[in-house]
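Here is how the chains run, residue by residue.
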Amino acid sequence: MLSILGEKIHDGRFLRLMKGLFEAGYLEEWTYHATLSGTPQGGVVSPILSNIYLDALDRFVEKTLLPAHNQGTQRKLNRQYACLNKRAHRLASQGRTEEARVLRRQKQTMPTQVLNDPDYRRLRYLRYADDFLLGFVGPRSEAEEIKRQLGEFLRSQLKLELSEAKTLITHGRSQAARFLGYEVTVLHDNRQRDRRGRRTINGQIGLKVPGDVVRAKCAPYLRNGRIVPRVERINGSVHDIVVRFQLEFRGLVEYYRLAVNLRLLSRLKWVMQESLAKTLAAKLDITVAKVYRRFGTVIQTPRGPRRVFRVSVERQGKRPLVALWGAVPLVRKTDVPLPVPYQPARAHRASLMLRLLADTCELCGSHDHVQLHLEHRLKDLQREGVAGTSWARAMVKRHRKSLMVCESCHREIHAHRLAHVTEWNTGEPDDRKRSRPVRRGAAAKVLPR
């Protein structure tokens, strides 16, 4: 890793800092563990270090695997499907609508293209930190060859080993691959059709909420299969309890907002709602039914009325604090915008850095030994004999105490100041304050011993 960083970064202090970070170790359950290899899981800089280290893998896939396993423009047309389609059109033109309808239903159970086309291959690659996913259209033997090439490259070039337990070859239509908490699968359902009766989702990539994730999230609210209150939260206020439950549920829903089976989280919503009602009942020493009567209400949402828990805390001179439970809709969101890249930080148009880089005299436009002239105070430029000079007017107009000038202009400025300015200090950074004579009769300062 240090050698990869050293290829682009030539700062020994930074590289030593990174070496210390790699050897610092980590704390887990308040127990220190030494870092024997890699970076700690969940470290602040671990994702960006993974991107730097695995950049070679990205280039290998882009330049070697993708060109070798992408061929053909599209799959061949299924001849059996095309024959049934022509027969259905012929029967419909002859007025035999019932027979044509039977053929249309039969053809809609077949693929329109040849799925196992030997002249068509597609390979797609996606990586996030140290997790990557490859989607391949082709036989399993070629998929195993791709896996073998990846393993050899990681072993020989990056000194890494593929985890056999996690690196799996999964059939997209019959199974689901796990990636970043989602189940990635190929959708297939002949019943999903558009207004014209055409199948719409077959062959599309679908993201799903794993069932074990829902069961794991329900586990803290269950005991022996029954919903129980969260007694560790009873000491908080009613408002804080509702906010805590709502934040946990909202975070999970927003993460799985792209899933086609987002409604699977309705089970978790019901479990959390019952646990919330029992927690409030235990805190207020009332029944669960009274909790529903006291805090249950109906609010209007863009999707119609929705029954929620509402807790309001009045504040003097301010708007009340309102906490809602149940206001997060379980609706799939497909119009997620792409992340906007960060805009580069722009320096101010008149910043000192840009003026120094310009290397131009701001009085005559010369590029000969450009220097920086500084004034102590702007009001000194309004003195008699100074205010009328070109350099003073330029500084007052810019409202700045600095001026970029060439060597000759700088010399003229100081010659003019020595003739007209009576103050001892010229305002230059290297101009030392001169000692003045002590007035006659002035008391000397004596330092205490």
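Keep in mind that this is a model prediction, so the values were computed, not measured.

Participant: Tell me about the packing of helix 8 (residues 211–218) against helix 10 (residues 266–284), residues and numbers included.
Facilitator: It is the contact of helix 8 with helix 10, at a shortest axis distance of 10 Å, that shows an interaxial angle of 5°. Here helix 10 runs roughly parallel to helix 8, going by the angle between their axes. Along its contact with helix 8, which presents Val214, Lys217 and Cys218, the element helix 10 presents Arg267, Leu268 and Val271.

Participant: I'd love a proper account of the packing of aromatic side chains, names of residues and values included.
Facilitator: All told, the structure shown has eight aromatic pairs when counted by the stated rule. Seen from their ring centres, Tyr255 and Tyr256 are 5.1 Å apart, and the 85° between their planes marks the pair as edge-to-face. Between Tyr292 and Phe309, the aromatic rings sit 5.0 Å apart at their centres with planes inclined by 65°, giving edge-to-face as the arrangement. Highlighted residues: Tyr292 in helix 11 (residues 288–295) and Phe309 in strand 11 (residues 304–315), separated in sequence by 17 residues. Chaining the aromatic ring pairs together yields one cluster made of Tyr182, Tyr255 and Tyr256. The lysine or arginine in question, Arg230, covers the ring of Tyr221, its NZ or CZ lying 4.9 Å from the ring centre.

Participant: Explain the environment of Gln80 to me, and be specific about the residues and the numbers.
Facilitator: Note on placement: Gln80 falls in helix 5 (residues 79–93). Looking at Gln80, the relative accessible area reads 49%, which means it is partly exposed. In this structure, the C-alpha to C-alpha distance between Gln80 and Val114, residues 34 residues apart in sequence, is 9.9 Å.

Participant: Describe the sheet that holds strand 10 (residues 296–301), and please don't skip the residues or the numbers.
Facilitator: The sheet built from three strands is open, its strands ordered 10-11-12 with antiparallel pairing. Two strands close off the open sheet at either side, each with one partner strand: strand 10 and strand 12 (318–325). Within the sheet, the average angular offset between the axes of one strand and its neighbour, ignoring direction, is 55°. Note: strand 11 against strand 12, six bridges, orientation antiparallel. When the bridges of strand 12 are listed, Val313 appears paired with Leu321. Strands in contact with helix 9 (residues 238–255) are strand 11 and strand 12; relative to strand 12, the strand with the most contacts, it is inclined by about 50°.

Participant: Got a sec to walk through the pattern of salt bridges? Specific residues and values, please.
Facilitator: Here the idea is simple: oppositely charged side chains can pair when their charged atoms come close. The full count for this structure, using the stated rule, is 22 salt bridges. For the salt bridge of Asp11 with Arg13, the shortest nitrogen-to-oxygen distance reads 3.8 Å. Taken together, the shared-partner salt bridges in this structure form one network comprising Glu145, Arg148 and Glu152.

Participant: Tell me about unusual backbone geometry, and name the residues and values.
Facilitator: Notably, Asp359 is not glycine yet its phi reads approximately 55°, a positive angle. Examined against the element boundaries, Asp359 turns out to sit in the loop between helix 12 (352–358) and strand 13 (371–374). Owing to a relative accessible area of 35%, Asp359 belongs among the partly exposed residues under this scheme. Residue His369 is not a glycine yet carries a positive backbone phi of 50°. Residue placement: His369 occurs in the loop between helix 12 and strand 13.

Participant: So, helix 3 (residues 46–53): which residues are in play, and what are the values?
Facilitator: Taken together, the buried positions of helix 3 are occupied by Ser46, Leu49, Ser50 and Tyr53. The buried residues of helix 3 occupy one face: seen down the axis, they fall within an arc of 105°.

Participant: Which residues make up the layout of surface pockets, and what values go with them?
Facilitator: Take a probe with the size of a water molecule and roll it over the atoms, and the empty space left behind shows itself. In this model, the second largest pocket occupies a volume close to 170 Å³. Ile4, Glu7, Lys8, Ile52, Tyr53, Asp55, Ala56, Arg59, Gln157 and Leu158 together form the lining of the second largest pocket. Sorting the residues of the lining of the second largest pocket by element identifies helix 1 (2–8), helix 3 and helix 4 (55–68) as the ones contributing at least two each. By residue class, the composition of the lining of the second largest pocket is five nonpolar, one polar and four charged.

Participant: Any chance you could break down the nonpolar core for me, citing the residues and the numbers?
Facilitator: Nonpolar side chains tend to gather and get buried jointly when the protein is soluble and globular. Core analysis: the largest hydrophobic core is formed by 34 residues, its most contacted members being Phe249, Leu265, Leu268, Leu276, Leu280, Val291 and Trp325. When residues of this core are traced back to their parent elements, those giving at least two are helix 8, helix 9, helix 10, helix 11, strand 11 and strand 12.

Participant: Outline the sheet that holds strand 5 (residues 177–179), supporting the account with residue identities and numerical values.
Facilitator: The strands that make up a sheet are held in pairs by hydrogen bonds between backbone atoms, and each pair lies either parallel or antiparallel. Taken in spatial order, the three strands line up as 5-6-7 in an open sheet, and their pairing is antiparallel. Unpaired on one side and paired on the other, strand 5 and strand 7 (205–208) mark the two borders of the sheet. Between one strand and the next, the sheet's axes are offset by a mean angle of 35°, whatever the strand orientation. Taken together, the four bridges between strand 6 (residues 182–186) and strand 7 define a ladder with antiparallel strand orientation.

So, how was this worked out
Residues numbered from 1 in each chain as written. Predicted model: local features only at pLDDT ≥ 70, side-chain atom pairs only at ≥ 80, totals over all residues. Heavy atoms only, no water. Axes fitted to C-alpha atoms, helices over the stretch in contact; angles between N-to-C directions. Helix = DSSP H or I, 4+ residues; strand = E, 2+ residues; numbered from the N terminus. Parallel < 35°, antiparallel > 145°, perpendicular 65-115°, else oblique. Contact = heavy atoms within 4.5 Å. Phe/Tyr/Trp six-rings, centres within 6.5 Å; stacked < 30°, edge-to-face > 60°. Lys NZ or Arg CZ within 6 Å of the ring centre and 35° of its normal. Buried < 20%, exposed > 50% of the residue type's maximum accessible area, 1.4 Å probe, protein only. Pairing = 2+ DSSP bridges. Salt bridge = Lys/Arg side-chain N within 4 Å of Asp/Glu carboxyl O. Arc of directions from axis to C-beta. 1 Å grid on protein atoms, 1.4 Å probe; cavity = no way out; pocket = protein on both sides within 12 Å on 5 of 7 lines; lining within 4 Å. Points joined across faces, edges and corners; volume = space filled by probe spheres on them. Nonpolar A, V, L, I, M, F, W, Y, C, P; charged D, E, K, R; others polar. Core = buried A, V, L, I, M, F, W, Y, C linked by side-chain atoms within 4.5 Å.

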